[in-house]
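Analysis of the macromolecular model
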Amino acid sequence: MTSATDPSEGAAPRRRPQQRKQVLLRLDPSVYDALARWASDELRSANAQIEFLLRRALAEAGRLPGETGPLPRRGRPPRSTPPRPQ
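Let me sum up the structure you'll find in this document. A quick note: this is a predicted structure, and the numbers were derived from the prediction, not measured.

1. Quick word on the overall build of the chain
- Scanning the chain from N- to C-terminus turns up two helices and zero strands.
- Residue burial in the chain is summarised as follows: out of 86 residues, 8% are buried.
- Summed over all atoms, the accessible surface of the chain reaches about 8800 Å², with 54% contributed by carbon and sulfur.

Here it is as structure tokens:
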């Protein structure tokens, strides 16, 4: 018999945050240069541009998994505390 405080009873299993996958990608140098220029025009890194394009292609093909989280936000993370008035 399990006690009322048993965390395994009725509780959903706790999911560990998934780490981002690292993938080695070989590209033709001219394709990479065009991609890097496009990424720069949109203020993204080449890596972020590749992920953006892959997600868009998957969504258009109806193959983007429902549990896929949003793209990570670019730039500096938000401050944990509001700035102090000067």
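2. Details of helix α1 (residues 29–41)
- Spanning 13 residues, α1 covers 18 Å between terminal C-alpha atoms, matching the ideal 18 Å at 1.5 Å per step.
- Once α1 ends, the next one or two residues include Leu 43, with phi positive near 55°.

3. Focus on the side chain of Arg 55
- Turning to its location among the elements, Arg 55 is positioned in helix α2 (residues 46–60).
- Classification of Arg 55 by relative accessible area gives buried; the value is 17%.
- Those residues within four positions of Arg 55 in sequence are excluded, and the remaining contacts are Leu 64, Thr 68, Gly 69, Pro 70 and Leu 71.

4. Digging into the packing of aromatic side chains
- Applying the stated rule across the entire model yields zero aromatic pairs.
- The ring of Phe 52 is capped by Arg 44, whose NZ or CZ atom sits 3.9 Å from the centre of that ring.

5. Brief notes about unusual backbone geometry
- For Leu 43, which is not glycine, the phi torsion reads 55° and is therefore positive.
- Position of Leu 43 relative to the elements: it lies in the loop between α1 and α2.

6. Observations regarding a nonpolar patch on the surface
- Judged by side-chain polarity, Leu 25, Leu 27, Val 31 and Tyr 32 come together as a nonpolar surface patch covering roughly 350 Å² of accessible area.
- Position of Leu 25 among the secondary structure elements: in the segment before α1.
- For Leu 25, a relative accessible area of 49% corresponds to the partly exposed category.

What counts as what
Residues numbered from 1 in each chain as written. Predicted model: local features only at pLDDT ≥ 70, side-chain atom pairs only at ≥ 80, totals over all residues. Heavy atoms only, no water. Helix = DSSP H or I, 4+ residues; strand = E, 2+ residues; numbered from the N terminus. Buried < 20%, exposed > 50% of the residue type's maximum accessible area, 1.4 Å probe, protein only. Areas by Shrake-Rupley, 256 points an atom, 1.4 Å probe, with all protein chains shown as cover. Expected span 1.5 Å × (residues − 1). Contact = heavy atoms within 4.5 Å. Phe/Tyr/Trp six-rings, centres within 6.5 Å; stacked < 30°, edge-to-face > 60°. Lys NZ or Arg CZ within 6 Å of the ring centre and 35° of its normal. Patch = residues over 30% accessible without salt bridge, like charges linked within 9 Å, V, L, I, M, F, W, Y side chains within 5 Å. Salt bridge = Lys/Arg side-chain N within 4 Å of Asp/Glu carboxyl O.

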